[in-house]
Amino acid sequence: MPLDTNTAGIQVNSLVTPQFPVGLTGVATTAQATYLDTVTNSVELLPASGVAISTYAPRGMRLTKITALARATPTATELQLWVSDSAGAAKRFINSTLMGAYTVAQTTGQTEIDLGFSETNPLILSAGERLWCSIGVSNTGIVFRAEGGGY
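Residues numbered from 1 in each chain as written. Predicted model: local features only at pLDDT ≥ 70, side-chain atom pairs only at ≥ 80, totals over all residues. Heavy atoms only, no water.

J.: Teacher, can you tell me more about the overall build of the protein here?
T.: On a plain count of helices and strands, the protein comes out with one helix and nine strands. Going from the N terminus to the C terminus, the protein shows its helices and strands as β-β-α-β-β-β-β-β-β-β. Summarising the internal contacts of the protein: among those between residues at least 6 apart in sequence, 76% fall at separations of at least 24. For the protein, the computed accessible surface area is about 8,100 Å², with 55% contributed by carbon and sulfur atoms. In the protein, which carries 8 positive and 10 negative side-chain charges, the distance between the mean positions of the two groups comes to 5 Å. (Helix = DSSP H or I, 4+ residues; strand = E, 2+ residues; numbered from the N terminus. Contact = heavy atoms within 4.5 Å. Areas by Shrake-Rupley, 256 points an atom, 1.4 Å probe, with all protein chains shown as cover. Lys, Arg positive; Asp, Glu negative; His and termini not counted. Charge placed at Lys NZ, Arg CZ, Asp CG, Glu CD.)

What follows is the structure, given as structure tokens:
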């Protein structure tokens, strides 16, 4: 194989940038209390179509923003992110952020919780990796949203 190409058809030493916008969501409701690879109370972040990430962005993703909002009044809870391979069997704990206690009401605005990713600190998902969310304390629903680009 020539040195300037590879099996993925990407030219070596060429800038590879995301090819399309990505928006993923997931709603966590049940507490995840352990940090082992066999996570049972996590929810996969998926595009609106519901198709698996491996089909939606088969060459991977560059996520630059992940946020969370509560559907109902939360007590202080840990927001958790996990990644897995395409099978989803073993999930690895990669990020944790605290969502403080807050009274959800129609007369106040929530501040979305930022999980710390940005243009200069992106979360890179390689081809076949999947992204999962969970929470430390059960709630009616914590809505996670991830934005970025797919390859």
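Let us keep going from here.
J.: Which parts of the structure should I look at to understand the pattern of salt bridges?
T.: One side chain can pair with another of opposite charge once the charged atoms of both are near each other. Inspection of the entire model under this criterion finds five salt bridges. The salt bridge partner of Arg62 is Glu119, with a shortest N-O separation of 3.1 Å. Of the two residues, Arg62 sits in strand S3 (residues 61-70) while Glu119 sits in the loop between strand S6 (113-114) and strand S7 (123-125), which places them 57 residues apart along the sequence. A salt bridge links Arg145 to Glu147, with the nearest nitrogen and oxygen atoms 2.8 Å apart. Classification of Glu147 as partly exposed rests on a relative accessible area of 28%. (Salt bridge = Lys/Arg side-chain N within 4 Å of Asp/Glu carboxyl O. Buried < 20%, exposed > 50% of the residue type's maximum accessible area, 1.4 Å probe, protein only.)

J.: In this structure, what is going on with the nonpolar core? I would like to understand it.
T.: As a rule of thumb, soluble globular proteins bury nonpolar side chains together. Among the nonpolar cores identified, the biggest contains 26 residues, and Leu63, Leu79, Leu131 and Phe144 are the most heavily contacted of them. Looking at this core, the elements that each hand over two or more residues are strand S1 (20-28), S3, strand S4 (77-84), S7, strand S8 (130-135) and strand S9 (142-150). With five residues, S3 is the largest single contributor of residues to this core. (Core = buried A, V, L, I, M, F, W, Y, C linked by side-chain atoms within 4.5 Å.)

J.: What exactly am I supposed to notice about the sheet that holds strand S2 (residues 43-44) here?
T.: In a beta sheet, neighbouring strands pair by backbone hydrogen bonds and run either parallel or antiparallel. Reading across the sheet, the four strands line up as S2-S8-S4-S5 and stay open at both edges, with antiparallel pairing between neighbours. With partners counted over all chains shown, the strands left at the sheet margins are S2 and strand S5 (91-99), one partner each. Pairing between S4 and S5: eight bridges, direction antiparallel. Bridged to Ser84 within S5 is Lys91. (Pairing = 2+ DSSP bridges.)

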